[in-house]
Amino acid sequence: MKITLIIILALSLFAKDSTSEFYKKKFQKLENEKINLIKNYESRLEVARIDRLYKRVNVLSKTLSCFKNSRSKQDLTKCKTQERRRIMRMIRG
């Protein structure tokens, strides 16, 4: 009985450790994607400022701030969707 309990306890500890590693990797991947998006949008924003494209600067700065405040993959997707909507409003006039 004691041996069975020890084995079950050891297996549950091992499962929790591997699960936490899985989520750490997933979180790190999300953070890397977020950092890359922020860097990309910062460079695009700078180019738009240099070219004096003020409407584009407005759209990119809102998207950039949304990316910086995001906490999940769903938030990042929502930021991109909102950007597309702002662009379509800008095109339509």
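Thresholds, definitions, all that
- Position numbers for residues count from 1 along each chain, tracking the sequence in the order it is written.
- A pLDDT threshold of at least 70 governs which residues receive local features in this predicted model, and a stricter bar of 80 or more applies before side-chain atom pairs are shown or counted, although totals over entire chains, interfaces and linings include all residues.
- Hydrogens are left out, water is left out, and the side-chain values use all remaining heavy atoms of the structure.
- Strands here mean DSSP runs of E at least two residues long; helices mean DSSP runs of H or I at least four residues long; both are numbered from the N terminus.
- Note on exposure labels: buried denotes an accessible area under 20% of the residue type's maximum, exposed denotes more than 50%, and partly exposed covers the range between, all computed with a 1.4 Å probe on protein chains only.
- Working convention for charge: Lys and Arg count positive, Asp and Glu count negative, and His plus the chain ends are omitted.
- Each reported salt bridge corresponds to a side-chain nitrogen of Lys or Arg within 4 Å of a carboxyl oxygen of Asp or Glu.
- Within 3.5 Å is the distance limit for a polar contact, defined as a pair of N or O atoms, with the added protein rule that one can donate a hydrogen and the other accept it, and that residues adjacent in sequence qualify only through two side-chain atoms.
- Contacts are residue-level and defined by heavy atoms, with any inter-residue pair within 4.5 Å sufficient.

Caption draft 1: Quick look at the side chain of lysine 34. In this fold, lysine 34 is placed in helix α1 (residues 2-50). Of the side chains with opposite charge, glutamate 31 comes closest to the buried, unpaired lysine 34, at an N-O distance of 4.6 Å. A distance of 2.8 Å separates a polar atom in the side chain of lysine 34 from the backbone oxygen of serine 70. Beyond its immediate sequence surroundings of up to four residues, lysine 34 is in contact with Phe67, Lys68, Ser70 and Leu76.

Caption draft 2: Local environment of the pattern of salt bridges. As enumerated under the stated definition, the model contains 3 salt bridges in all. Between glutamate 33 and lysine 73 there is a salt bridge, and its shortest N-O distance comes to 2.8 Å. Note that glutamate 33 is positioned in helix α1 and lysine 73 in helix α3 (residues 73-92), a separation of 40 residues in sequence. Since its relative accessible area comes to 24%, glutamate 33 is described here as partly exposed. For lysine 73, a relative accessible area of 44% gives the class partly exposed.

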